[in-house]
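Summary of the model geometry
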Amino acid sequence: GITLPDLSTLASLSELEAFSLLLGGTTHLDHLVELPKLTTLTLMRIARLADLSVIARLRTLATLELDGMRNVTALPSFAPLMRLQEVTLETMKGLDDIAAIAAAPALQRLTVAGMPQLTAEAFGCLVGHPSLTELRLWSSLGGVGLKKPVLGAVKQLLPGVVRP
């Protein structure tokens, strides 16, 4: 919850594998690239954060969780993230396109919660994904999930992948 001008203080932590930035107003994340063993990243409710382009440069990332950042309207292509297996999006109100996530070649599990703005078409990018085995569609605590017609359409679009 502390706002820093950037994350340069992390650069010396070469063994750091998991990092969570919760609350606060830090918006410059470029120094995350200097963490050679970073496999897990959680970014949650960072109100002024809009640019997540640094994520595409985190080549060791295996797990990513993004939660409650309404100013994020687009994600960079996850195609370079060869190790990324699990992504969770929760209450990302400004995001209506998940194609960037579908580009992750090793993606196995995607969880989407509290994002009623997504249409069935938004999930079309996942059809035929080579490694996706599980798509979880949930409501957030006290929030709303996908609309019922959208949920039904996604289940038809991705049979065998959608999990309750």
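Heads up: the structure comes first, above all this text.
The present account deals with the structure reproduced in this document. (Residues numbered from 1 in each chain as written. Predicted model: local features only at pLDDT ≥ 70, side-chain atom pairs only at ≥ 80, totals over all residues. Heavy atoms only, no water.)

**Side note on the side chain of threonine 42**
- Relative to the helices and strands, threonine 42 resides in strand E2 (residues 40–44).
- Not counting the four nearest positions on each side in its chain, threonine 42 is found in contact with Phe19, Ser20, Leu21, Leu22 and Glu65. (Helix = DSSP H or I, 4+ residues; strand = E, 2+ residues; numbered from the N terminus. Contact = heavy atoms within 4.5 Å.)

**Focus: the pairing of strand E6 (residues 134–138)**
- Here strand E5 (residues 109–113) runs beside E6; their pairing, made up of five bridges, is parallel. Counterpart to leucine 110 in the pairing with E6 is leucine 135.
- Note: E6 against strand E7 (residues 162–163), two bridges, orientation parallel. Pairing of arginine 136 across the sheet is with arginine 163, part of E7. (Pairing = 2+ DSSP bridges.)

**A look at the pattern of salt bridges**
- Counted by the stated rule, this structure contains five salt bridges.
- A salt bridge links arginine 109 to glutamate 134; the nearest nitrogen and oxygen atoms lie 3.3 Å apart. Residue arginine 109 is found in strand E5, and its partner glutamate 134 is found in strand E6; the two are separated by 25 residues along the sequence.
- A relative accessible area of 26% means that arginine 109 is categorised as partly exposed.
- Ionic pairing is found between arginine 136 and glutamate 134, a salt bridge with its closest N-O pair at 2.5 Å.
- When its relative accessible area of 23% is taken as the criterion, arginine 136 is described as partly exposed.
- Members of the salt-bridge network, linked through shared partners, are Glu86, Arg109, Glu134 and Arg136. (Salt bridge = Lys/Arg side-chain N within 4 Å of Asp/Glu carboxyl O. Buried < 20%, exposed > 50% of the residue type's maximum accessible area, 1.4 Å probe, protein only.)

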